[in-house]
Amino acid sequence: MITSQQVRAARALLGIDQKELAALAGVSLPTIQRMETSGGQVRGVVDSLVRVISALERAGIELIGDNAPSQGKGRGVRLRDAPSEQR
């Protein structure tokens, strides 16, 4: 699944705002806002989540799960596991 942090980071990499992501995914702006403010893994209607993930992937985002290697090429960002006092 995808985390709220991944959604925000993906938008930042694409240089789009929440409204633009909502339009790309065919979901409402409040749906994106709820996804981004949820802590940890995004919860919600599965169809909406699939639409957002698909829209991000179509736009060129590669979502990387925990301990998963990246298969893509190009630049990217990955959060490494850090001690909690550094976060």
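None of the values given here were measured: they were computed from a predicted structure.

Points about the confidence of the model for the chain
Inference 1: Of the residues in the chain, 85% reach a pLDDT of 70 or more, and the chain-wide mean stands at 85.
Inference 2: The secondary-structure element of the chain with the lowest mean pLDDT is helix 1 (residues 4-14), recorded at 92, while helix 2 (residues 18-25) shows the highest, at 98.

Structural notes on the side chain of Ser-48
Inference 1: Residue position: Ser-48 is located in helix 4 (residues 46-58).
Inference 2: With relative accessibility at 15%, the residue Ser-48 sits in the buried group.
Inference 3: For Ser-48, the residues in contact, after removing those within four places along its chain, are Val-27, Thr-31 and Met-35.

Overview of the nonpolar core
Inference 1: One finds Ile-2, Leu-21, Val-52 and Leu-56 to be the most contacted residues of the largest nonpolar core, which totals 17 residues.
Inference 2: Put simply, the parts of the chain that give this core at least two residues each are helix 1, helix 2, helix 3 (29-37) and helix 4.
Inference 3: Here this core gets five residues from one element, more than from any other, and that element is helix 4.
Inference 4: Not counting the four nearest positions on each side in its chain, Leu-56 is found in contact with Ile-2, Ala-10, Leu-14, Leu-21 and Ile-61.

Conventions adopted
- Residues numbered from 1 in each chain as written.
- Predicted model: local features only at pLDDT ≥ 70, side-chain atom pairs only at ≥ 80, totals over all residues.
- Heavy atoms only, no water.
- pLDDT = per-residue confidence, 0-100.
- Helix = DSSP H or I, 4+ residues; strand = E, 2+ residues; numbered from the N terminus.
- Buried < 20%, exposed > 50% of the residue type's maximum accessible area, 1.4 Å probe, protein only.
- Contact = heavy atoms within 4.5 Å.
- Core = buried A, V, L, I, M, F, W, Y, C linked by side-chain atoms within 4.5 Å.

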